[in-house]
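Fold and contact review
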Amino acid sequence: MNWAPANSPVATVLEGAKEDTFIALVMVSDADARENGKVRAHIQQGSGPFRLKHIQGDSYIIVTNGTLDREKETHYNITVIAQDYGDPPLFCVKHLLVHVLDENDNAPVFSNSLYKASFKENNVAGYHALTVEAYDVDLSSVEECLTPYAT
């Protein structure tokens, strides 16, 4: 298997990728002759929103076959099975790890809809009056904003 990007240890795809986006090239072969040497390949069910597309001879490509959402699934393990037409049929199993890359598709939200603070007058400069938190699922983190005064 060869995947995109070629210099990466795993295949990657943007979460907003269109259907039929290229993930990997799969080439299968069998050294046997006649029916014993003919091979078919498929992706195991449950491997995610991907499909194997036959391009020519013993070559296939893995492409997206649905929408990807990194906030729901950060990676997939695609299982490809190649099986010959021999009797008994023999097979080979390969796994391809695919990481879903994030796109900025979610707005940050505040942890609370209303923040309220009370403090006495004549405080020193830099007095901590309120902590405001916002969460962005694209980052999967909480950002704190410190406000030294109330407005």
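A quick note: this is a predicted structure, and the numbers were derived from the prediction, not measured. (Residues numbered from 1 in each chain as written. Predicted model: local features only at pLDDT ≥ 70, side-chain atom pairs only at ≥ 80, totals over all residues. Heavy atoms only, no water.)

**Things to note about the nonpolar core**
By size, the foremost hydrophobic cluster in this structure holds 22 residues, and its most contacted members are Ile 23, Phe 50, Leu 52, Ile 62, Ile 78, Leu 96 and Val 98. Looking at this core, the elements with two or more residues in it are strand 2 (11–14), strand 3 (22–27), strand 4 (39–43), strand 5 (50–56), strand 6 (59–64), strand 7 (75–84) and strand 8 (91–101). It is strand 7 that provides the largest number of residues to this core, a total of 4 residues. When near neighbours in sequence (up to four residues on either side) are disregarded, Leu 96 contacts Met 1, Trp 3, Ala 11, Ile 23, Ala 24, Ile 62, Tyr 76, Asn 77 and Ile 78. (Core = buried A, V, L, I, M, F, W, Y, C linked by side-chain atoms within 4.5 Å. Buried < 20%, exposed > 50% of the residue type's maximum accessible area, 1.4 Å probe, protein only. Helix = DSSP H or I, 4+ residues; strand = E, 2+ residues; numbered from the N terminus. Contact = heavy atoms within 4.5 Å.)

**A few points about the UniProt feature "domain: Cadherin" (unreviewed entry) in the protein**
Mapped onto this numbering, the UniProt entry annotates "domain: Cadherin" (unreviewed entry) at residues 5–110. End-to-end, the C-alpha atoms of residues 5–110 are 36 Å apart, and along that stretch the chain is 4% helix and 48% strand. (UniProt positions renumbered as here; feature names shortened; annotations may be inferred.)

**Here's the deal with the side chain of Asp 84**
Along the chain, Asp 84 turns up in strand 7. Buried within the structure, Asp 84 lacks any salt-bridge partner; its nearest side chain of opposite charge belongs to Arg 40, at an N-O separation of 7.3 Å. In terms of polar contacts, Asp 84 uses its side chain to reach the backbone amide nitrogen of Leu 90, at 2.8 Å. Excluding its chain neighbours within four sequence positions, the residues that come into contact with Asp 84 are Asp 30, Asp 32, Asn 36, Lys 38, Val 39, Arg 40, Pro 89 and Leu 90. (Lys, Arg positive; Asp, Glu negative; His and termini not counted. Salt bridge = Lys/Arg side-chain N within 4 Å of Asp/Glu carboxyl O. Polar contact = N/O pair within 3.5 Å; in protein donor to acceptor, adjacent residues only side chain to side chain.)

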